[in-house]
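Letter by letter, the chains look like this.
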Amino acid sequence: MLSSGLTKAQTYQDIIALDVERTGSNFSLVENSAKKITDRKAYDNQPNFINDKQMAFSAADEKGNHDIIIYNFEADKFTNLTKTADLDEFSPRITDCGLYVSAVTVEEDGRQRLWLYPTNFGEPELLYDDIEPVGYYDWYNNIAAMFILAQPNSLVYPFGKDDVLNISQNIGRSIQKRPKSSTVTFVDKNDFKEIDGQKAYAIKGFDIEKRTLSDFGYTVPGVEDFIWLDKKRMLMGKGNEVFIRKAKDRYWEKAATVSLPGYQNISRMAYSKDLKKLAAVMDRVE
């Protein structure tokens, strides 16, 4: 979605919340629990839970400006974390310290850098002033592993200002820290296999502490957005179906079908163990 010379998205998406049932190692979605968090012809995307009550996401206003919105599940209330006419903010995540929501900010001159927005609504701070253009990222040990837009795209991790490690090149947009580990995982587009005419890309991991690479199988064919449900299992969405797989297994299993009139094509997802909810981005069908 993000690229140098960013163009506004034309497809309308909404964020759908679904109740999750977990019994032991079993995972399922509660039937008929789908609830529209957003419901408008606009861009509402990139959800991430920031605590046990709230979710942050990127949303376009009526003029096409993208801001970070906080939704409170308990109060059923929306609050603007940012409201900037001259900037666009994407990809919100909570920082490791919990004091900031980070976001990729498209600045007035078109630069895309990582900024920190205090959860107490204080003044934002620029992070990594010389690392750009940032597309996507995730956190480990208060440092961001970042997808850098280039030809080809790359994944970098700045151990220090003069020690920016280039982990991999030609990667996908999904950068996900594996829970309870020092491993950042990503889609490696150099490694793929064809299944029924669609590409299944390799999911690789880089252990920040050991500086070693590992393999986590392949994506569901034709899609590349994945999340970790916990340390052992991953989720992906394709069409109206949610798939689950243990990291050590080869094959994805269908976990659920999301049936909601007027919606199709699950893409990005976020999971909250505390709220027992899955947030899924779906395309509106007019």
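Above this text sits the structure in question.
Residues numbered from 1 in each chain as written. Predicted model: local features only at pLDDT ≥ 70, side-chain atom pairs only at ≥ 80, totals over all residues. Heavy atoms only, no water.

## Considering the overall build of the protein chain
Part 1 of the argument: Along the backbone of the protein chain there are zero helices and 25 strands.
Part 2 of the argument: Against the globule reference of 19 Å for 286 residues, the protein chain gives a C-alpha radius of gyration of 18 Å, in line with a compact fold.
Part 3 of the argument: Expressed as lengths along the three principal axes of its C-alpha atoms, the size of the protein chain is roughly 45 × 45 × 35 Å.
Part 4 of the argument: When each of the 286 residues of the protein chain is scored for burial, the buried share is 53%. (Helix = DSSP H or I, 4+ residues; strand = E, 2+ residues; numbered from the N terminus. Rg over C-alpha atoms; globule rule 2.2 N^0.38 Å. Buried < 20%, exposed > 50% of the residue type's maximum accessible area, 1.4 Å probe, protein only.)

## Some thoughts on unusual backbone geometry
Residues other than glycine predominantly adopt negative phi, and peptide bonds predominantly adopt the trans conformation.
Part 1 of the argument: Looking along the chain, the bond that leaves Glu-132 and enters Pro-133 is cis, with omega of -10°.
Part 2 of the argument: Residue placement: Pro-133 occurs in the loop between strand 11 (125-127) and strand 12 (134-140).
Part 3 of the argument: Looking along the chain, the bond that leaves Gln-151 and enters Pro-152 is cis, with omega of 5°.
Part 4 of the argument: Turning to its location among the elements, Pro-152 is positioned in the loop between strand 13 (143-148) and strand 14 (154-160).
Part 5 of the argument: A positive phi angle, close to 55°, is found at Lys-180, a residue other than glycine.
Part 6 of the argument: Secondary-structure assignment places Lys-180 in the loop between strand 16 (171-177) and strand 17 (183-195).

## Overview of the pairing of strand 17
It is a general feature of regular strands that their side chains alternate between the two faces of the sheet.
Part 1 of the argument: Strand direction decides the pairing type here: strand 16 and strand 17, joined by four bridges, are antiparallel. Residue pairing across strands places Ile-175 opposite Phe-186, the latter belonging to strand 17.
Part 2 of the argument: Linking strand 16 to strand 17, which pair antiparallel, is a turn of five residues; within it Lys-180 sits at a positive phi near 55°.
Part 3 of the argument: Hairpin connection, strand 17 to strand 18 (residues 198-207): the antiparallel pair is bridged by two residues, and Asp-196 has positive phi, about 50°. (Pairing = 2+ DSSP bridges.)

## Some points on the sheet that holds strand 11
Part 1 of the argument: Across the sheet, which stays open at both edges, the four strands sit in the order 8-9-10-11 with antiparallel pairing between neighbours. Taken across any chain shown, the strands that pair with only one partner, and hence form the sheet edges, are strand 8 (88-94) and strand 11. Across the sheet, the mean angle from the axis of one strand to that of its neighbour is 35°, orientation sign disregarded.
Part 2 of the argument: Across five bridges, strand 8 lies against strand 9 (residues 100-106) in antiparallel orientation. When the sheet's bridge partners are listed, Arg-93 is paired in strand 9 with Ser-102. (Axes fitted to C-alpha atoms, helices over the stretch in contact; angles between N-to-C directions.)

## Concerning the nonpolar core
Part 1 of the argument: If you look at the biggest cluster of nonpolar residues, it comprises 28 residues, and the most contacted ones within it are Leu-114, Tyr-128, Met-146 and Ile-175.
Part 2 of the argument: Elements with a minimum of two residues in this core: strand 9, strand 10 (112-118), strand 12, strand 13, strand 14, strand 16 and strand 17.
Part 3 of the argument: With six residues, strand 13 is the single largest residue contributor to this core.
Part 4 of the argument: Setting aside residues up to four positions removed in sequence, Leu-114 forms contacts with Ser-102, Ala-103, Val-104, Leu-126, Leu-127, Tyr-128, Val-134, Tyr-137, Trp-139, Ala-144 and Met-146.
Part 5 of the argument: Core analysis: the second largest hydrophobic core is formed by 20 residues, Val-242, Ala-256, Ile-266 and Ala-280 among them. (Core = buried A, V, L, I, M, F, W, Y, C linked by side-chain atoms within 4.5 Å. Contact = heavy atoms within 4.5 Å.)

## A look at the packing of aromatic side chains
Both the distance between ring centres and the angle between the ring planes are used here to describe each pair of aromatic rings.
Part 1 of the argument: Per the stated rule, a full pass over the model turns up ten aromatic pairs.
Part 2 of the argument: Residues Phe-57 and Phe-78 carry aromatic rings whose centres are separated by 6.2 Å and whose planes lie at 85° to one another, so their mutual orientation is edge-to-face. Note that Phe-57 is positioned in strand 5 (residues 54-60) and Phe-78 in strand 7 (residues 77-80), a separation of 21 residues in sequence.
Part 3 of the argument: Taking the centre distance of 6.1 Å and the plane angle of 65° together, the rings of Phe-192 and Tyr-201 count as edge-to-face.
Part 4 of the argument: With a relative accessible area of 36%, Phe-192 lands in the partly exposed category.
Part 5 of the argument: Geometry around Tyr-218 places Lys-193 over its ring, the cationic atom sitting 4.4 Å from the centre.
Part 6 of the argument: Sitting over the face of the ring of Phe-192, Lys-199 holds its NZ or CZ atom 4.5 Å from the ring centroid. (Phe/Tyr/Trp six-rings, centres within 6.5 Å; stacked < 30°, edge-to-face > 60°. Lys NZ or Arg CZ within 6 Å of the ring centre and 35° of its normal.)

## Some thoughts on the environment of Lys-77
Part 1 of the argument: By the secondary structure assignment, Lys-77 is in strand 7.
Part 2 of the argument: Separated by 96 residues in the primary sequence, Lys-77 and Arg-173 have C-alpha atoms spaced 29 Å apart.
Part 3 of the argument: In this structure, Lys-77 is in contact with Ile-70, Tyr-71 and Asn-72, ignoring residues within four places of it in sequence.

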